[in-house]
Amino acid sequence: MSLPTDPTTAATLGHAIDPEVRRAGLVKRLVRIPTAVVALVWLVVVVAAAVLAPLLTSQSPTASDILDALAPRGPGHPLGTDGVGRDVWAQLIYGARTSLVGALIVVIVSLVVGLPAGLIAGYFRGRFDGISTWIASLLMAQPAIIILLVVLTQVGRNTALAMFVFGFVIAPGVFRLVRASVIAVREELFVDAARVSGLTDPRLIRRHILPVVVAPTVIQMSQIFGIAIVVQAGLEFLGLGSANQASWGGMLNDAFQAIYTAPRLLVWPALAIILTVTACALLGNALRDALGGAPAARRRRRRKELSDTGSVTVSTSPDVADDVALQIDSLVVSYPGAAGDREVVHGVSLAIRRGEVLGLVGESGSGKSQTAFSVLGLLPGAASMSADRIQFHGEDLTTLSGAAMNRLRGRRIGYIPQEPMSNLDPSFRVGSQLVDPMRHHLGLSRKDARAEALRLLERVGIRDPERVFDAYPHQISGGMAQRVLIAGAVSCNPELLIADEPTTALDVTVQAEVLDLIRELQAEREMAVLLVTHNFGVVADICDTVAVMRDGRIVEVASADDLFSDPQDAYTRMLLESSVEGAPARKPLPVIGATR
Amino acid sequence: MTETPLLEVDDLVVEYDVRGFRRSPVRVLHGIALDVRRGETLGLVGESGSGKSTLGRAVLGLAPVTEGEIRFEGRAISGLGKRERRALSSDIQVVFQDPYTSLNPAMTVGDILAEPLAVGGVAKGEARQRVKDLLDAVHLPTDAAQRLPREFSGGQRQRVAIARALCREPKLIVCDEPVSALDLSTQARVLDLFVEIQERTGVAYLFVSHDLAVVRHIAHRVAVMYRGEIVELGDGDTVTSTPEHPYTQKLLLASPVPDPDAQATRRARRLEAASSGAGGAR
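Cut-off values and rules
Residues numbered from 1 in each chain as written. Chains lettered and ligands numbered in written order. Predicted model: local features only at pLDDT ≥ 70, side-chain atom pairs only at ≥ 80, totals over all residues. Heavy atoms only, no water. Helix = DSSP H or I, 4+ residues; strand = E, 2+ residues; numbered from the N terminus. Contact = heavy atoms within 4.5 Å. Areas by Shrake-Rupley, 256 points an atom, 1.4 Å probe, with all protein chains shown as cover. Pairing = 2+ DSSP bridges. Axes fitted to C-alpha atoms, helices over the stretch in contact; angles between N-to-C directions. Parallel < 35°, antiparallel > 145°, perpendicular 65-115°, else oblique. Left-handed = near helix turned anticlockwise from the far one by under 90°. Buried area = accessible area lost by both parts, 1.4 Å probe. Salt bridge = Lys/Arg side-chain N within 4 Å of Asp/Glu carboxyl O. Polar contact = N/O pair within 3.5 Å; in protein donor to acceptor, adjacent residues only side chain to side chain. Nonpolar A, V, L, I, M, F, W, Y, C, P; charged D, E, K, R; others polar. Core = buried A, V, L, I, M, F, W, Y, C linked by side-chain atoms within 4.5 Å. Buried < 20%, exposed > 50% of the residue type's maximum accessible area, 1.4 Å probe, protein only. Patch = residues over 30% accessible without salt bridge, like charges linked within 9 Å, V, L, I, M, F, W, Y side chains within 5 Å. Expected span 1.5 Å × (residues − 1). Lys, Arg positive; Asp, Glu negative; His and termini not counted. Charge placed at Lys NZ, Arg CZ, Asp CG, Glu CD. Phe/Tyr/Trp six-rings, centres within 6.5 Å; stacked < 30°, edge-to-face > 60°. Lys NZ or Arg CZ within 6 Å of the ring centre and 35° of its normal.

### Observations regarding the overall build of chain A
Broken down by element type, chain A carries 23 helices and 11 strands. Taking the intrachain contacts of chain A between residues at least 6 apart in sequence as the baseline, contacts between residues at least 24 apart amount to 70%. A total of about 27,900 Å² of accessible surface is found on chain A, and carbon and sulfur atoms cover 59% of it.

This is how it looks when you write it as C-alpha cells:
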C-alpha cells in the first residue's frame, strides 16, 4: 500500500508549500538538494582551479621536455608527465580554463541569439515568428559536427571560433524553448490585464514575460554548458583545437597515442570531463526541482486502516433501517501538512434512503466533495480517512478490500463527475468506454453490451446514438459528454448514484435538461442519489433532503421544503440570503440631468 | 437629452482566422450594436459560445474588429495604433473572470496595484498612498500590499483585481464574468462592492455574465446574446423577469430558483414550453 518515500522529493515538496521558504530564494532551496550541493561544489572546484592555475602549479602546461617523457608521479610532477614530457597536473588545470571559457562562449552566444529572438517571436508572433522559426528548424536539421568541421577546415584550428559557431548552431534550441514559454504565458489573463493597464510592450515583456522565461532558460543553460564541454573535447581529440593551448580533449588525444605505454594518462582528462559534465546535468535537474518545474513528485501514500481508531462497528448493526441505502457515521478525512495532519472533514454523519436524493451543499473547501470521494474510496493517496461506519446496503465499505471496492464501484455505486470532458478518455471511442464496464461488471457479450449501450444513449436523450457511439470525446459537446457519463453511471443499474457538481460546468439550458434526466432515471430505478452542489437552485430543483456543510462539518440537515422555508442554522440562513436569485432588479439609471 | 453615450458599438463583426489552408475565418460576432451611458451598467447575458466575452475583449482592444465601429466618448477606438490604445488605458479597464490567473503570481499585491499607477506617471511615494486607498476602497487590509496573490482567497483576489481596475479612475470597466468563479456568499459581497463603487465614482460597467440573476442584481439595462447576435436588449427588470424573445424566455425558465415550490412551477412551465415547440433555439 505504501510507496517508498524519497526524502529529497518529500523535502522539496514540503517546502514548496511553505510560502516563507518559497520566498527565501533559489540558492536556499538549491542547497537543500544533496545532488545540487555536490554538483555545485565540484563546479566551484573546477572554476577555482582554472582561475588560480598559476598559483597551483609553477609548471607550464605547454613546455615539453623530451628527456622527462612519461615521468611517473613525483616531486615537481604531482601527476607525472605525458609522452612529450609536459606536466599532466598543469595541463589538467590549464585545460579546465580552456574548457570553461569555451563552454561560456557557447552559452553566451546561444543566449544572445536565442533569447531575444525567442521573446520577440513568441510575443509578437507574425512574420518574424514565421521566418525565425523556419530558420531555427533549418539549423536544427543540420548535423552540428559537420558544420563545425567545415568551418574549421576553412579557417584552421581554433577552439574559440569553433565554440562561437557551435553557439549559433545550438541557439535554435534556446529560441524554441523561450518562444514556447512566452507563447504559454502570453495567453494568461494577467498579461491581458497588463496590456489593458497601458504597459508598453518592452515593459510588459520585462515585468511579466521575462521572469517566466528565466527558469527554463537557466536550466537549459546548465545543460548546454555540459554539452559544450563534450563537443569541445571531441573536437580537440580530433586535433582540431587551437595549437599551443592545454585542453582536456587534447590530453585525451595525446594519451591515446601512448595508450599501450602509459594508459594512466587517459584517466585524468577522462575523469575531469565526466565529472564536470555530470555535475552540469545534475545541477540542471536540481535547478528544475528548485524552480518548481519538477514533474509532480510522488505523494506519500498513507492510508490509515480503520483499526487505528479502534472503533470499527460490526457491519450488520441493528440501528440501520432496511431502506437505508447509505449510512455514514463520524467520517474524518485528513491530509498530511507541514505542521501535522490537517483535518478537512471532522466527523460527518449522514444517511440516504432508497429512492432519496440527498443534496450535500456547501462552499468551496467545506469538505463536501471529500465526503463523496470517501464513499467511493477515491480519495487522493495522501489522504487518510476513518469512519465509525460507511455502510452501503448492509456492507461496511471501510472494511472492504481494494478489489471488493472495485467490484462495487461502477456496478452498484455509480458516479457522475463535474468535468465531463476530462472524465472521458480522449483516445478511446465513446462506445468502448460504455461497453467495457458492462462487459466487466455484467458479463455481457460484446454484441449485447453494444446493444445495451445504444439503448442507454438513446435513454439519456441522445438523438443519434450510433454516431455518438462511434465518436471520440472531442467530437461531442460538453452537454452530450455529460449525458454519456450519466449513461455510463447508470449502465449497471446502481443502487446509489454519486454526482459531484454534475451540472456546474454546463450552460443553464443544458443544466436543466441534465437535471431532468437524473430525476427521471432516479425515479425509474428507485436509486439513492448523493448530489454534491453549491447551487441552491439545483437543490430546490431535485433534492428531497439537504445537508449543509461548512468547514468539514454538517451544520444542518432538513427536508428541502423545510430548509428553504425555515432554515435553522445561521450559516444556512446567511447562504440563502446571499443568493441574488429573486432579489429585486436594479432600478433603471435616472435620465440624464437628474443626477450628474 | 442628446448626451453622447460613453461607449457605442455599431454593427460590430469579429472574425477569427482558422488555421489551415484556405479555411474561411470563423465569424464570432455578427453585427452587434449597443451603447453604454456614463455611470450605467449594461449587462450582457448569454451561454458559452454566444460571443459575449469576445464583445468585451473587442472593446478592450484584445479581439480583432473585422467590420463596424466601437466609439468611446464619440471617438472611434477600433483599429487604434498601439500608442493611442495605451492612452485609453486610463479610461477603460477590465476585471476578468478568473482571479487565479488574472494576477501575476510572482508579484506582490502592492506591485500589481502600483504598476498601472507607474504607467500613469504617478510618483512612487504618492503611489504607495494610492495603493493604500485602493485596498481600503475594496475593503482589504492595508498589509495586503506586501503579500502574494496566492495568500488570498478567490473573493479577496477578485477584490485585488477590482482595485487594479480602479487605479487610473477609469470611466468604463469591462467585467468579464467577474463573480462566476466565486462562492455564493462571496459572490453577493463582491457584487455589492461593484454597486458601491459605481455609486461613489460614477464609473460605467459592461458586465458580462451567464447568470440572469447576477445581471438582474447589477445591471440597469440588459442585452441577451445568442450565437453572436443580440436577440433582446432592454430595461433590466423587464428582460430578466418578463422577456419577449423566446431564447431569453428559455434561458429564464432554465435557471433554477432556490425555492422548491417556485422551482417546480418554473420547471413545469419549461417542460410545457419545450413540448409545445416554443423553446426557440436548441
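There is more to say after this.
### Structural notes on the environment of S197(A)
On the secondary structure map, S197(A) appears in the loop between α10 (189-196) and α11 (201-237). In this structure S197(A) touches S89(B), Q93(B), P116(B), V119(B), R164(B) and R168(B), once residues within four positions along its chain are discounted.

### Brief notes about the sheet that holds strand β7 (residues 172-176) of chain B
All names here are of chain B. Overall, mixed pairing links the 6 strands, which are arranged β6-β7-β8-β3-β9-β10 in an open sheet. Strands at the two margins of the open sheet, each flanked by one partner only, are β6 (92-95) and β10 (229-235). Shown here is a sheet whose adjacent strand axes are inclined to one another by a mean of 20°, direction ignored. The pairing of strand β3 (residues 41-45) with strand β8 (residues 204-209) spans 5 bridges and is classified as parallel.

### Description of the pairing of β10(B)
Residues and elements named next belong to chain B. Looking at chain direction, strand β9 (residues 221-226) and β10 are connected through 6 bridges and run antiparallel. The residue bridging V222 from the neighbouring strand is G234, located in β10. Linking β9 to β10, which pair antiparallel, is a turn of 2 residues; within it R227 sits at a positive phi near 50°.

### Observations regarding the packing of α11(A) against helix α12 (residues 248-257) of chain A
All names here are of chain A. Interaxial distance between α11 and α12 falls to 7 Å at its minimum, and their mutual angle equals 40°. The angle between α11 and α12 falls in the class oblique. The handedness of the crossing between α11 and α12 is right-handed. On α12, the residues that touch I229, A233, E236 and F237 of α11 are W248, G249, G250, L252, N253 and F256.

### Side note on the interface of chain A and chain B
Each partner contributes residues to the interface: chain A has 56 residues there, and chain B has 73 residues. Taken together, the two surfaces of chain A and chain B that pack against each other cover about 5,600 Å², and 55% of this comes from carbon and sulfur. Contact with chain B buries area across many residues of chain A, yet V196(A), R586(A) and L589(A) alone supply 15% of it, more than any other trio. Seen at the junction of chain A and chain B, the total is 5 salt bridges. In this structure, D192(A) engages R57(B) in a salt bridge whose closest nitrogen and oxygen atoms are separated by 3.0 Å. Viewed at the interface, chain B and chain A are joined by 22 residue pairs in polar contact (both at pLDDT 80 or more). Looking at the side of chain A that touches chain B residue by residue, the class counts come to 26 nonpolar, 10 polar and 20 charged.

### Here we look at the nonpolar core
All names here are of chain A. Formed by 61 residues in total, the largest nonpolar core has its most connected members in F166, I209, L235 and W248. Sorting the residues of this core by element identifies α4 (34-51), α6 (88-124), α8 (144-155), α9 (159-186), α10, α11, α12 and α13 (264-290) as the ones contributing at least two each. When residues of this core are assigned to their parent elements, the largest contribution, 13 residues, is made by α11. With 54 residues, the next largest nonpolar core counts L454, A471, V538 and Y571 among its residues.

### A look at a nonpolar patch on the surface
Residues and elements named next belong to chain A. There is a patch of nonpolar side chains on the surface, built from I145, I146, L149, V150, F237, L238 and F256 and spanning about 610 Å² of accessible area. When residues of the nonpolar patch are assigned to their parent elements, the largest contribution, 4 residues, is made by α8. Counting through the fold element by element, F256 comes out in helix α12. Relative accessible area serves as the criterion here: at 47%, F256 is assigned to the partly exposed category.

### With respect to the sheet that holds strand β1 (residues 7-16) of chain B
Residue and element names in this part refer to chain B. Reading across the sheet, the 4 strands line up as β2-β1-β4-β5 and stay open at both edges, with antiparallel pairing between neighbours. This sheet does not close on itself; its edge strands, each paired only once, are β2 (26-36) and β5 (75-76). By the bridge criterion, 5 bridges tie β1 to strand β4 (residues 67-72) in an arrangement that is antiparallel. The partner of E8 across the bridge, within β4, is R71.

### Digging into the pairing of β4(B)
All names here are of chain B. As paired strands, β4 and β5 are joined by 2 bridges and run antiparallel to one another. Among the inter-strand pairings, F72 is bridged to a residue of β5, identified as R75. In this structure, the hairpin formed by β4 and β5 is closed by a connection of 2 residues, where E73 is found at a positive phi of approximately 50°.

### Let's talk about the side chain of R266(B)
Checked against the element boundaries, R266(B) lands in helix α10 (residues 260-275). Once residues within four sequence positions are removed from consideration, R266(B) is found in contact with E581(A), L252(B), L253(B), S255(B) and V257(B).

### Quick word on helix α20 (residues 508-525) of chain A
All names here are of chain A. A rise of 1.5 Å per residue sets the reference length of α20, with its 18 residues, at 26 Å; its end C-alpha atoms lie 26 Å apart and thus fit the reference within 8%. Along α20, the positions that sit buried rather than exposed are V508, T509, Q511, A512, V514, L515, D516, L517, I518, L521 and Q522. At the C-terminal side of α20, E526 shows a positive phi close to 55°.

### Considerations on the side chain of S132(A)
Residue and element names in this part refer to chain A. Positionally, S132 belongs in helix α7 (residues 126-141). Here S132 falls in the buried class, since its relative accessible area comes to 12%. Excluding anything up to four places from it in sequence, S132 contacts A121 and F175.

### Notes on unusual backbone geometry
Of note in this structure, N493(A) is not a glycine but carries a positive phi near 50°. Following the sequence through the fold, N493(A) ends up in the loop between α19 (478-490) and β8 (496-500).

### Comments concerning the pattern of salt bridges
A side chain of one charge can pair with a side chain of the opposite charge when the charged atoms of the two come close. By the definition in use, this model includes 41 salt bridges over all chains. The network of salt bridges with shared partners includes D516(A), R519(A), D541(A), R267(B) and R270(B).

### A look at a negative patch on the surface
A surface patch of negative charge is lined by D561(A), D562(A), D566(A), D259(B) and D261(B). Note on placement: D562(A) falls in helix α22 (residues 560-565).

### Topic: the packing of α6(A) against α11(A)
When two helices pack together, their arrangement is given by the angle between the helix axes and by the axis-to-axis distance. All names here are of chain A. The contact between α6 and α11 brings their axes to 7 Å, and the two run at 145°. Handedness of the crossing formed by α6 with α11: right-handed. In terms of residue class, the contact of α6 with α11 is built from 20 nonpolar, 6 polar and 2 charged.

### Some points on helix α9 (residues 246-254) of chain B
A large share of α9(B) lies buried, amounting to 7 of its 9 residues. Within the span of α9(B), buried status applies to Y247(B), T248(B), K250(B), L251(B), L252(B), L253(B) and A254(B).

### Describing the packing of aromatic side chains
Evaluation of the coordinates by the stated rule reveals 8 aromatic pairs over all chains. Ring plane angle 90° and centroid distance 4.8 Å describe the contact between Y123(A) and F124(A), whose orientation is recorded as edge-to-face. Exposure remark for Y123(A): the relative accessible area of 5% places this residue in the buried category. Note on F124(A): relative accessible area 38%, which makes it partly exposed. Ring plane angle 70° and centroid distance 5.5 Å describe the contact between F164(A) and F168(A), whose orientation is recorded as edge-to-face. In this pair, F164(A) and F168(A) are both assigned in helix α9, 4 residues apart and thus about one turn of the helix distant. Taken together, F194(B), Y205(B) and F207(B) form an aromatic cluster joined through their ring pairs. Geometry around F469(A) places R450(A) over its ring, the cationic atom sitting 4.7 Å from the centre.

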